[in-house]
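# Notes for the structure review
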Amino acid sequence: MIDIGVNLTHPSLLKELESNQFQWQENGVENIIAIASDLEESIQITQLSNQYKGIYHTLGCHPHHADSWQADSATKIKTLFQQSNKVVAIGETGLDFNRNYSTQVNQIKAFHDQIALSKTLSSPLYLHERDAEDSLLGILNEHFDKNVPGVLHCFTASKETLKRYLDIGLYIGITGWICDERRGQELQEAIKYIPKDRILMETDAPYLLPRDIRPRPKKNHPKFLPHIIKQAAFFAEIEESELIQLSIENTQRLFAIKGIGTH
Ligand SMILES: [Zn+2]
């Protein structure tokens, strides 16, 4: 299995790296994609991915950190991109008008720059969106190049919203939100409408702990991906083994990863 969304620089996960014995691999999750939230973290996960087997990474600036995006940030990311053998996408980028940790103006600027970067580098976009569906789709409709695809990670919304993202050509990332019997209801309904060649699986660890894991751990972890896949397969009305296979194939196609598990 491959977890396409891990926040690897969280202390709980960094500690595990030091031991070089990854609990996720013991649980059948051979590979993970570490997602970048700002420039500093981009540098850190580039080093970690190139040091450890089975770890790939993105490069970019999350909308929460868009206030830190500078005129030369794109150039810096481009340099990192050229230095890494294991970079698979540009992001997380996008818009988060729910929390507005960075100003909306800065979020839009950083988003524009990263779309341009993804086109220049022919690298997929790794997208985050909260309460900004219309703005995000508006910008994508204007600038998105379908030849350089992308993923809307941690999708949580309805089948109507899903259709809009599918129509523009995006892949869809499913997290443990699917395990939430209250907040996850719309998603549990929508998941069956994701085409088989567009679904990806992720934990977003250590955040978004699936609500139904017992005994209840403190934090989410990539080792819980099999649990999320099991629930997702149930609501998607397909076999678990098929979902595992589909998510691996889709991940390899979208991110142009060859020979998962060998690097
Ligand atoms: Zn996100």
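Structure: above.
Residues numbered from 1 in each chain as written. Predicted model: local features only at pLDDT ≥ 70, side-chain atom pairs only at ≥ 80, totals over all residues. Heavy atoms only, no water.

## A look at the environment of His 112
Of note, His 112 is situated in helix H5 (residues 104-121). For the pair formed by His 112 and Gly 94, sequence separation is 18 residues and the distance between their alpha carbons is 8.9 Å. If we ignore the near neighbours within four places in the chain, the residues touching His 112 are Ile 139 and His 143. (Helix = DSSP H or I, 4+ residues; strand = E, 2+ residues; numbered from the N terminus. Contact = heavy atoms within 4.5 Å.)

## A word on the packing of helix H3 (residues 39-51) against helix H4 (residues 73-83)
Running from N to C, H3 and H4 cross one another at 5°; their axes reach a closest spacing of 11 Å. Put simply, H3 runs roughly parallel to H4. Listed contacts from H4 to Leu 39, Ser 42, Ile 43 and Thr 46 of H3 are Ser 73, Lys 76, Ile 77 and Leu 80. In terms of residue class, the contact of H3 with H4 is built from four nonpolar, three polar and one charged. (Axes fitted to C-alpha atoms, helices over the stretch in contact; angles between N-to-C directions. Parallel < 35°, antiparallel > 145°, perpendicular 65-115°, else oblique. Nonpolar A, V, L, I, M, F, W, Y, C, P; charged D, E, K, R; others polar.)

## Quick word on H5
Within an α-helix, residues lying three or four positions from one another point in the same direction, as the helix has 3.6 residues per turn. Look at H5: 26 Å from first C-alpha to last across 18 residues, which is about the 26 Å you get at 1.5 Å a residue. Among all positions of H5, only Gln 107, Ala 110, Phe 111, Asp 113, Gln 114, Ile 115, Leu 117, Ser 118 and Leu 121 are buried. Buried residues belonging to H5 abut H4, strand E4 (87-96), strand E5 (125-130) and helix H6 (133-143). Downstream of H5 by one or two residues, Ser 122 has phi in the positive range, about 50°. (Expected span 1.5 Å × (residues − 1). Buried < 20%, exposed > 50% of the residue type's maximum accessible area, 1.4 Å probe, protein only.)

## Structural notes on the coordination of the zinc ion
Bound to the zinc ion are the protein donor atoms Glu 92 (OE), His 128 (ND1) and His 153 (NE2), situated 2.1 to 2.2 Å from the metal. Written as a sequence motif, the donor residues of the zinc ion are E-x35-H-x24-H. On the criterion of sequence distance, the pair formed by Glu 92 in strand E4 and His 128 in strand E5 is long-range, its members being 36 residues apart. (Donors = N, O, S within 2.8 Å, 3.2 Å for Na, K, Ca; no water.)

## Brief notes about the packing of aromatic side chains
Tallied over the entire structure, the rule returns four aromatic pairs. Considering the side-chain rings of Phe 22 and Tyr 52, the 5.8 Å spacing of their centres and the 70° angle between planes classify their relative orientation as edge-to-face. Taken together, the residues span a long stretch of sequence, with Phe 22 in the loop between helix H1 (11-19) and helix H2 (23-26) and Tyr 52 in the loop between H3 and strand E3 (55-59) at a distance of 30 residues. Accessibility expressed as a relative area gives 12% for Tyr 52, which makes it buried. Ring geometry for Phe 155 against Tyr 165: centres 6.4 Å apart, planes inclined by 85°, an arrangement best described as edge-to-face. With Phe 155 in the loop between strand E6 (150-152) and helix H7 (159-167) and Tyr 165 in helix H7, this residue pair connects regions lying ten residues apart in the sequence. Relative accessible area serves as the criterion here: at 2%, Phe 155 is assigned to the buried category. Taken together, Phe 22, Trp 24 and Tyr 52 form an aromatic cluster joined through their ring pairs. Here Arg 130 stacks its cationic end above the ring of Trp 177, 5.9 Å away from the centre of that ring. Taking NZ or CZ as reference, Arg 183 lies 4.0 Å from the ring centre of Trp 177, over its face. (Phe/Tyr/Trp six-rings, centres within 6.5 Å; stacked < 30°, edge-to-face > 60°. Lys NZ or Arg CZ within 6 Å of the ring centre and 35° of its normal.)

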